[in-house]
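Reading the structure
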Amino acid sequence: MSKELIRLVDCTMAFDGETVLNSINLTINNKEFLTLLGPSGCGKTTTLRIIGGFLKPTSGDVLFDGARINDLPPYKRQVNTVFQKYALFPHLDVYENIAFGLRLQKLPEQEIDERVTEMLEVVSLKGFEDRKVTALSGGQQQRVAIARALVNRPKVLLLDEPLGALDLRLRKDMQQELKRIQQQMGITFIYVTHDQEEALAMSDTVVVMNEGLIQQIGTPEDIYNEPVNAFVADFIGESNILDGIMREDFVVETFGRRFQCLDKGFQKDEPVDVVVRPEDIDIVPVKDGMLTGTVTSITFKGMQYDVIVDFKGFKWLIQTTDSPKVGERIGIKIDPDGFQIMHKSKYSGLYGDYSSFSEEYEELSDAEYDPENGEEGETREASDGE
Amino acid sequence: MESKRLASPYLVWMAIFTVVPLGIVVWYAFTDSTGAFTLGNISRMGTYWPIFLKSIWLAILSSFICLLIGYPVAYTIAGASPKGQRLLYMLVMLPMCMSFLLRTLAWVALLDDTGIINNLIRSLGLKPLPLIRNDAAVVLGMVYNYLPYMIMPLYTVLLKIDRRLTEAAEDLGCRPGEVFTRVTLPLSVPGIISGFTMVFVPAVSTFYISQKMGSSGTTLIGDVIESQFKAAYNPNLGAALSLALMVLVLACVAIMNRFSDGEEVATI
Amino acid sequence: MKTFNRVFTVIVFLFLYIPMIVLAVASFNTGTDIAVWKGFTFAQYGALFKDGALLPLLLNSVIVAVISSLAATVLGTMAALGIRAMSPRMRSATMAVTNIPMTNPEIVTGVSLALLFAFVGQMLKINGIMGFATLLIAHITFNLPYVILSVMPKLGQMDPNLRDAALDLGCTPVQAFFKVIIHEILPGIISGAMMAFTMSLDDFVISYFVYGPNFVTLPVEIYNYTKKPLQPKIYALFTLLFLVILVMMVLMNLLQARDEARQRNARGVFGVRKGAKA
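Predicted, not measured: the structure shown is a model, and the values here were computed from it.

Digging into the overall build of chain A
- In terms of regular secondary structure, chain A is built from 9 helices and 20 strands.
- Overall, chain A is about 80 × 40 × 40 Å in size when its C-alpha atoms are taken along their principal axes.
- If you take every contact in chain A between residues at least 6 apart in sequence, the share linking residues at least 24 apart comes to 68%.

Okay, structure coming up:
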């Protein structure tokens, strides 16, 4: 499982003097489901294109099974790609799209037929052989794209925002489907997305990127529970990020009050960022509260209420099944494992409180619609979200 | 990445057969027949100033008339059904593919003193009209020959105007006339500029139309250049005149591009 | 307003086609004066095909048009592919050069090429350098931008990932072009080639400055003719050419219509899908 397959060593990429990737080091293991996650323009697609062979890094090395493959063109790599918006060949039908790579290898007709038929079964598209690809739905095109790549039996499948153009329900189904196919085929998947939920749901390993740098590598649980800096904390899930001071091991001070936490190894009185997830905060009567604040807004979200509470001018987001009233004074309680302490970074202070909550929330929930098509050319249609 | 090199043969070709020749024009313009440096050719430009002015004046006049005629036509084509659009567009393009020499001669046959129209007039017992060998005839020839160059870009631009914009204007209270002046017309400015340029450039440099439909009084700059390379062989003066014409055209194009707020001016 | 526009448009089209009608009528005239109708005859058409001078000139024009448009199509398509792969700055510089022959007055293009050829002739001590080769070079030069400007938009419409997908699945760059890309941009290549062909066939201004006495094209000869009285069989030739070009245009139109229908089809399917969901 943990045999190394691909390694990027100090990979830097610059276009016209603008650095898009800044000295990336990354190891990808065999049979791993690895996700490159980050906002538009963070360098994730560039990283994928370097692995696919469509870009040559400005400096640094790409190793495959220990061999340097910087100069190996894409058509000689044991890697296949599922492209954004699928890039199916419009002049070929479903069968010929899937058979495309095999025909280039000049395989006997019978073997081609067997393998295409097998792949059609894997992606549940039996009976669609003669359809024109332009006459398929988005989900079906997606399946053809996956089959067309997998039929060549690559060691690695690269997926560039493959679900970006699908609507929400179909996307959830395809996440399951992709995970199943990956396990069935037993190969490495490298997956690019800006959708953190998707990344957490599917991956063995998540690589969070921003501004051409890797911010954090870890399992989905690690990334969510122990973000290394304010960027990761803010990008993955909802979080209240507070200024604090680490008074001693297991004791952090914020809002003029000391709290028990589970973190240690900081210098005495080191300024830190403190992350508290909205679901780790309990609402209690004022007299039992560690802090007391005033409810300023409340939004019903189905599974829970999103409550904005003002603590001395700093607005927190609390997710709870209780429903306090706007204007009500409440107390809150946070267990020691509800605190995550992070060293200060360049992202400290960038992600303020939730005073402009409503607008920010709109943006986040609409994250799959990305009006800025950054230099990675991430164009995709707005999914008609439910 | 590597496919960038596919353009190399083209770049080499254009360098040799477009950029270098322009360099040679400049070189000839500043030398005499022995190859020695001289400003004599350039200083003679003053003599030709009235001819330049005349060429510019007639070309601008023709461009304006083309615009006035071409706009309603382009507007009508853009409003037709897709099938109708294709047919009409083809009918606009078709004359451009036919020998413009012969088409101009046909106009001569129509307008001549003993031409079709005057023959008709005479048969009605009226006095023949002086229809040819004057400025108006030259302008007619220019308008006739270059009108399609005006219609094409106007049509392209008008077609691209989002119907929702005119609907929005109506929704916001524009009367039909106002929709045109406040929305459609401003949005079609790039097409107007482009059409104007595409008519102006060939019109200002023509030599055939003026030879056939004009008189000695309508000698244009194109005629003078032509004669320097053919009848009165003086390539150095011809090069200087070509250079002046080129600079003039570039200046006009640059000025017109100013009007379109830096929007890319469409060519064919 | 609408009726006015319609009537006006009809009048303008009449204006555009009056000369064609005059020439076509003249081709059936028994008299030699274009302005005087003497009677109906097919004799000019007969004379045209017996004429030993005109048809070879037409052949010359066709030869130059075919070779130059083919060469420009190959060179121009390659260039369009290359230009797309360039960085934005390189691309705009290249497009600026491409636009030179488009914006420069034709007479300047003709004169500049004439000077280049004369200069080279002087250098290499070749007497009478003007001829087939110079004509061909000139035609390729002014044809290239037409091809590029008609192929580039098709390349722009194409999903850039298609090329990557072909490479990814094992195509060499050359195979990627012939197996995938060409299918997407073929309409642009064909219309570019046809445009180049017609431009070349009818070119007079540039040809006039770079032709030699040993290789004359039809438009140049017509110009030289018109200094003398015109032979009526030229009208017959014009009428025939008009028909040929009309047929070519209709073909081009049908091709375009098919291409558009194909694109509309693809869009239509998505439209239905989205509609069904909502």
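Some points on the domain arrangement of chain A
- Examined at the domain level, chain A breaks down into domain 1 (4-224) and domain 2 (240-355).
- One C-alpha centre belongs to domain 1 of chain A, the other to domain 2 of chain A; they are set 39 Å apart.

Things to note about the interface of chain B and chain C
- Between chain B and chain C, the contact holds 66 residues from the first and 65 residues from the second.
- Among the secondary structure elements, those contributing two or more residues to the side of chain B that touches chain C are helix 1 (8-29), helix 3 (49-78), helix 4 (82-97), helix 5 (100-111), helix 6 (116-123), helix 10 (189-204), helix 12 (221-229) and helix 13 (235-259) of chain B.
- Per-element accounting of the side of chain B that touches chain C gives the leading share, 14 residues, to helix 1 of chain B.
- Here the residues of the side of chain B that touches chain C are counted per class, giving 48 nonpolar, 12 polar and 6 charged.

Some remarks on the environment of A:Pro39
All names here are of chain A.
- Following the sequence through the fold, proline 39 ends up in the loop between strand 3 (33-37) and helix 1 (44-52).
- Under the C-beta neighbour-count criterion, proline 39 is labelled partly exposed, with 17 such atoms within 10 Å.
- Considered as a pair, proline 39 and histidine 194 are 155 residues apart in the sequence and their alpha carbons are 5.4 Å apart.
- Not counting residues within four places of it along the chain, the set of residues in contact with proline 39 comprises His194 and Asn210.

Focus on the packing of helix 3 of chain B against helix 7 (residues 135-160) of chain B
All names here are of chain B.
- The contact between helix 3 and helix 7 brings their axes to 6 Å, and the two run at 40 degrees. With respect to helix 7, the axis of helix 3 lies oblique. Between helix 3 and helix 7 lies a crossing whose hand is right-handed.
- Considered class by class, the residues forming the contact of helix 3 with helix 7 number 24 nonpolar, 2 polar and 1 charged.

Quick notes on the interface of chain A and chain C
- With 25 residues of chain A at the interface, the matching set in chain C holds 20 residues.
- Mapped onto the side of chain A that touches chain C, the elements with two or more residues apiece are strand 6 (79-82) and helix 2 (94-104) of chain A.
- Classifying every residue of the side of chain A that touches chain C gives 10 nonpolar, 10 polar and 5 charged.

What to know about the sheet that holds strand 1 (residues 4-15) of chain A
Residue and element names in this part refer to chain A.
- What the 4 strands build is an open sheet, ordered 2-1-4-5; its pairing is antiparallel. Each end of this open sheet is capped by a strand with a single partner; those strands are strand 2 (18-29) and strand 5 (67-68).
- Here strand 4 (residues 59-64) runs beside strand 5; their pairing, made up of 2 bridges, is antiparallel. Bridging from a neighbouring strand, leucine 63 pairs with arginine 68 of strand 5.

A word on unusual backbone geometry
Residues and elements named next belong to chain A.
- Positive phi values are uncommon outside glycine, yet serine 23 reaches one of about 55 degrees.
- Here serine 23 shows up in strand 2.
- Assessed through the 16 C-beta atoms surrounding it within 10 Å, serine 23 is described here as partly exposed.
- Here the phi dihedral of lysine 312 falls at roughly 50 degrees; this positive angle occurs in a residue that is not glycine.
- Overall, the presence of 9 C-beta atoms within 10 Å leaves lysine 312 in the exposed class.

Focus on the confidence of the model for chain C
- Confidence in the prediction of chain C, expressed as mean pLDDT, is 87, and 92% of residues score 70 or more.
- Counted against residues more than four places away or in other chains, residues 267-278 of chain C, with its pLDDT under 50, gives 5 contacts.

Examining the arrangement of the chains
- Looking across the 2 pairs of chains in contact, one finds the most contacts between chains B and C.
- These two, chain A and chain B, are apart from each other, with no contact and a minimum C-alpha gap of 8 Å.

Comments concerning the packing of helix 6 (residues 132-157) of chain C against helix 8 (residues 173-202) of chain C
All names here are of chain C.
- Here helix 6 crosses helix 8 at 155 degrees, and the two axes come no closer than 8 Å. Classified by the interaxial angle, the pair formed by helix 6 and helix 8 is roughly antiparallel. Both helix 6 and helix 8 take part in a crossing whose hand is right-handed. Where helix 6 approaches helix 8, its residues His139, Asn143, Tyr146, Val147, Ser150, Val151, Pro153, Lys154 and Leu155 are matched on the opposing element by Glu184, Ile185, Pro187, Gly188, Ile189, Ser191, Gly192, Ala193, Met195, Ala196, Met199 and Ser200.

Concerning the confidence of the model for chain A
Residue and element names in this part refer to chain A.
- Mean pLDDT for chain A: 86, with 91% of residues reaching 70 or above.
- The lowest-confidence element of chain A is helix 9 (residues 357-365), averaging 43 in pLDDT; the highest-confidence one is strand 3, averaging 96.
- Considering only residues more than four positions removed or in separate chains, one finds that residues 358-386, a stretch of pLDDT under 50, has 40 contacts.

A few points about the pairing of strand 19 (residues 329-334) of chain A
Residues and elements named next belong to chain A.
- As defined by bridge partners, strand 15 (residues 281-284) adjoins strand 19 across 4 bridges and the pair is classed as antiparallel. Bridge pairing in strand 19 places aspartate 282 opposite lysine 333.
- Pairing of strand 16 (residues 291-300) with strand 19, which is carried by 4 bridges, proceeds in the antiparallel orientation. Residue pairing across strands places glycine 293 opposite isoleucine 330, the latter belonging to strand 19.

Thoughts on the environment of C:Thr217
Residue and element names in this part refer to chain C.
- By secondary structure assignment, the location of threonine 217 is in the loop between helix 9 (205-210) and helix 10 (218-225).
- The buried category is assigned to threonine 217, around which 26 C-beta atoms lie within 10 Å.
- When near neighbours in sequence (up to four residues on either side) are disregarded, threonine 217 contacts Leu57, Asn60, Ser61, Val64, Ser207 and Tyr211.

Considering the sheet that holds strand 11 (residues 240-248) of chain A
All names here are of chain A.
- Pairing in this open sheet of 5 strands is antiparallel, and the strands run 13-12-11-14-20 from one edge to the other. Sheet topology places strand 13 (257-260) and strand 20 (339-343) at the edges, where each strand pairs with a single neighbour. Each strand axis lies, on average, 45 degrees off the axis of its neighbour in the sheet, ignoring direction.

The rules behind these values
- Residues numbered from 1 in each chain as written.
- Chains lettered and ligands numbered in written order.
- Predicted model: local features only at pLDDT ≥ 70, side-chain atom pairs only at ≥ 80, totals over all residues.
- Helix = DSSP H or I, 4+ residues; strand = E, 2+ residues; numbered from the N terminus.
- Contact = placed C-beta atoms within 7 Å.
- Domains from an automatic or database assignment.
- Nonpolar A, V, L, I, M, F, W, Y, C, P; charged D, E, K, R; others polar.
- Buried ≥ 20, exposed ≤ 12 C-beta atoms within 10 Å, placed from the backbone.
- Axes fitted to C-alpha atoms, helices over the stretch in contact; angles between N-to-C directions.
- Parallel < 35°, antiparallel > 145°, perpendicular 65-115°, else oblique.
- Left-handed = near helix turned anticlockwise from the far one by under 90°.
- Pairing = 2+ DSSP bridges.
- pLDDT = per-residue confidence, 0-100.

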